[in-house]
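In case you want the letters, here they are:
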Amino acid sequence: MEMKEPTQEERDQLRQALHKALEKLGDTVYERLTAGRPDDAEEVLDLTRPEIPLAKLIVCKYADEELDVLAERFARAAGAAGANYAELGTAWGISRQAARKRWPGAVSAINERANKEPVHFEAFGGEARVSFHPEDGSWWWIATAANRKVREAPEKAEYDTSEEAAAAAGAFLAANTTEETTR
């Protein structure tokens, strides 16, 4: 699926709408911060004082937190609908590994592409099993080589597809076809 970025015009419209909403809420917060101060009819509002931009900064902090909540919700919805971590990363402009760290478990077990049956195969005189771990949103492998060495995917390994995990398991099997000679 090819993802399209918003046009510059759409980004400008979003920026203007956010700016307008945050300015309005910032003004409300400012009024609340300054409520109860004595009114001085002669006092002119001093825009160089920090209260106005500080009130708007407070609002930006909460907007940022809300955007994180929305991003998490949308990432999980995309994962449940079939997106993988590579696609989530592309949408956010980060790597698949960074997407997995940002939204752990977003690629759901109910995701049809992710919820595949384990794969068992034999190669180079050994055998391997590849399976999906929904809690990590990635594939994993364990293999017994011809020389009877047993190995599993490294703890930090992240395989987005069963094919990637199988290739890693196959490389282990190929490298361990015979007993190592000891001196």
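Everything in this summary refers to the structure shown in the same document. Computed from a predicted structure; not experimentally measured. (Residues numbered from 1 in each chain as written. Predicted model: local features only at pLDDT ≥ 70, side-chain atom pairs only at ≥ 80, totals over all residues. Heavy atoms only, no water.)

**A short note on helix α5 (residues 162–175)**
Line of reasoning, step 1. The end-to-end C-alpha distance of α5, which contains 14 residues, comes to 20 Å, matching closely the 20 Å that a straight helix rising 1.5 Å per residue would cover.
Line of reasoning, step 2. Taken residue by residue, α5 has Ser-162, Ala-165, Ala-169, Gly-170, Phe-172 and Leu-173 as its buried positions. The buried residues of α5 occupy one face: seen down the axis, they fall within an arc of 160 degrees. Turned more than 90 degrees away from the buried face of α5, the exposed residues are Glu-163 and Ala-175.
Line of reasoning, step 3. Elements that come into contact with the buried residues of α5 comprise β1 (119–123), β2 (126–133), β3 (138–144) and β4 (150–152). (Helix = DSSP H or I, 4+ residues; strand = E, 2+ residues; numbered from the N terminus. Expected span 1.5 Å × (residues − 1). Buried < 20%, exposed > 50% of the residue type's maximum accessible area, 1.4 Å probe, protein only. Arc of directions from axis to C-beta. Contact = heavy atoms within 4.5 Å.)

**A word on the nonpolar core**
Line of reasoning, step 1. With 23 residues, the main nonpolar core has Leu-88, Trp-103, Trp-141 and Leu-173 as its most contacted residues.
Line of reasoning, step 2. Tallying contributions element by element places α5 first for this core, with 4 residues.
Line of reasoning, step 3. Those residues in contact with Leu-88 that lie beyond four places of it in its chain are Ala-75, Ala-78, Ala-83, Ala-99, Trp-103, Ala-106 and Val-107.
Line of reasoning, step 4. Counting 5 residues, the second-largest nonpolar core is a separate cluster that includes Val-29, Ile-52, Ala-55 and Val-59. (Core = buried A, V, L, I, M, F, W, Y, C linked by side-chain atoms within 4.5 Å.)

**Quick notes on the packing of helix α1 (residues 8–34) against helix α2 (residues 51–81)**
Line of reasoning, step 1. At a closest axis distance of 8 Å, the pairing of α1 and α2 adopts a crossing angle of 120 degrees. Regarding the angle of α1 to α2, the classification is oblique. In terms of crossing hand, the pair formed by α1 and α2 is right-handed. Here Leu-22, Glu-23, Leu-25, Gly-26, Asp-27, Val-29, Tyr-30 and Leu-33 of α1 come into contact with α2, specifically with Glu-51, Ile-52, Ala-55, Lys-56, Val-59, Cys-60 and Ala-63. (Axes fitted to C-alpha atoms, helices over the stretch in contact; angles between N-to-C directions. Parallel < 35°, antiparallel > 145°, perpendicular 65-115°, else oblique. Left-handed = near helix turned anticlockwise from the far one by under 90°.)

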